[in-house]
Amino acid sequence: LRKRNVKRAGGGLYLKGRSTDRGCSKVKRVYVSVAKVHGRHGCRFLAKDGRLARMHGCREPVLFRMLGTTRWHLTLHARLPHGIYRVVVRAYDGAGNKERPARGRNMVRVQIT
């Protein structure tokens, strides 16, 4: 995931990218979470209704399933206040293994203005 692949679109965000699996299995599904980070206090994740949820731990994300597997995209309709957001993409392969988040590979910080 790269910053240029996260764009503000009308009333929300448009995300696109690619995922691959080095092992024997193919990418089965891909999920994304969008969070407004509040320092050490926690995160407010984008919820299914397009609003930011109440603040809670950053390790309990709200996940959206992407359209596609090796090449994926998703438009999230949401009203996002100005600030810095963390977008994390996680892929699962056919064996059930899930990708670990790593800054620069599948985690980016985006400024929404």
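Before reading further, recall that the structure is shown in the block above.
Since the model is a prediction, treat every value here as computed from it, not as a measurement.

**A few points about the pairing of strand β1 (residues 6–9)**
Working step 1: Pairing geometry for β1 and strand β2 (residues 12–18), over four bridges, is antiparallel. Looking at the pairing, R8 lines up with L13 of β2.
Working step 2: Linking β1 to β2, which pair antiparallel, is a turn of two residues; within it G10 sits at a positive phi near 50°.

**Observations regarding the packing of aromatic side chains**
Working step 1: Evaluated as defined, the whole model comprises one aromatic pair.
Working step 2: On the basis of an interplanar angle of 85° and a centroid distance of 5.7 Å, the ring pair of Y31 and Y92 is categorised as edge-to-face. Pair noted here: Y31 is in strand β3 (residues 27–37) and Y92 is in strand β7 (residues 83–93), with a separation of 61 residues, a long-range link.
Working step 3: By relative accessible area, which is 15% here, Y92 ends up buried.
Working step 4: Of note, R29 hangs over the ring of Y92, and the distance from its end group to the ring centre comes to 4.6 Å.

Cut-offs and rules
Residues numbered from 1 in each chain as written. Predicted model: local features only at pLDDT ≥ 70, side-chain atom pairs only at ≥ 80, totals over all residues. Heavy atoms only, no water. Pairing = 2+ DSSP bridges. Helix = DSSP H or I, 4+ residues; strand = E, 2+ residues; numbered from the N terminus. Phe/Tyr/Trp six-rings, centres within 6.5 Å; stacked < 30°, edge-to-face > 60°. Buried < 20%, exposed > 50% of the residue type's maximum accessible area, 1.4 Å probe, protein only. Lys NZ or Arg CZ within 6 Å of the ring centre and 35° of its normal.

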